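# Topology and contacts: notes
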Amino acid sequence: DPDSIYLTNGASAAVKLSLAMLASSLDDGVLIPIPQYPLYTAALTNLGGTAVGYYLDEAAGWSVSMDEVEAAMARFKTERPSGRIKAMVVINPGNPTGNVMTRAQMQVVVKFCQQHGIILLADEV
């Protein structure tokens, strides 16, 4: 559907635009993988939102650990009881780690976002 296509001046502009629609206060949290390219944390800081870091599992090839994602959400809710996680960012392949998610890992992330009613921001090449 052409009405659902948004063109931007590069990936950085797309990320900033997407985050601007989601985060306008410290109560607006976005799950961000750690380590990651700093665009997301910088943009969220500029917008007044909260970057909620979830650590990638180095021992498992820098993969997304859903236990760690859940723990990051819990930490955010403890620190900001009135806060709401608005989105989850996944970077695939990972930058700077190079990890490539499997289809099964992607399906788990999609299901998680659906269950929690949060937007999935998939930064993929």
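Residues numbered from 1 in each chain as written. Predicted model: local features only at pLDDT ≥ 70, side-chain atom pairs only at ≥ 80, totals over all residues. Heavy atoms only, no water.

Turning to the environment of V108, a few remarks are in order. Along the polypeptide, V108 turns up in helix 4 (residues 103-116). By relative accessible area, which is 44% here, V108 ends up partly exposed. Put simply, V108 and A74 are 34 residues apart on the chain and 19 Å apart in space, counted from C-alpha to C-alpha. (Helix = DSSP H or I, 4+ residues; strand = E, 2+ residues; numbered from the N terminus. Buried < 20%, exposed > 50% of the residue type's maximum accessible area, 1.4 Å probe, protein only.)

A separate point is the packing of helix 3 (residues 66-79) against helix 4. Where helix 3 contacts helix 4, the axes come no closer than 11 Å and their chain directions differ by 25°. Classified by the angle their axes make, helix 3 and helix 4 are roughly parallel. Crossing hand, helix 3 versus helix 4: right-handed. Only V108, V109, F112 and H116 of helix 4 make contact with helix 3, whose side of the interface consists of M66, V69, E70 and M73. For the contact of helix 3 with helix 4, the per-class residue count stands at six nonpolar, one polar and one charged. (Axes fitted to C-alpha atoms, helices over the stretch in contact; angles between N-to-C directions. Parallel < 35°, antiparallel > 145°, perpendicular 65-115°, else oblique. Left-handed = near helix turned anticlockwise from the far one by under 90°. Contact = heavy atoms within 4.5 Å. Nonpolar A, V, L, I, M, F, W, Y, C, P; charged D, E, K, R; others polar.)

We now examine unusual backbone geometry. I34 connects to P35 through a cis peptide bond whose omega is 0°. By the element assignment, P35 lies in the loop between strand 1 (28-34) and helix 2 (39-47). Omega for the bond connecting N92 with P93 falls within 30 degrees of zero, at 0°, which places this linkage in the cis form. Checked against the element boundaries, P93 lands in the loop between strand 3 (84-92) and helix 4. Of note, the phi angle at W62 is positive, near 65°, even though the residue is not glycine.

Moving on: the nonpolar core. Counting residues in each nonpolar core, the largest one holds 18 residues, and the members touching the most others are L31, Y54, V64, V69, M88, V109 and F112. Among the secondary structure elements, those contributing two or more residues to this core are strand 2 (50-55), helix 3, strand 3 and helix 4. The leading source of residues in this core is helix 3, at five residues. With near-sequence residues (within four places) excluded, V64 lies in contact with Y54, L56, V69, M88, M101 and V109. (Core = buried A, V, L, I, M, F, W, Y, C linked by side-chain atoms within 4.5 Å.)

That is the geometry; function is a separate question.
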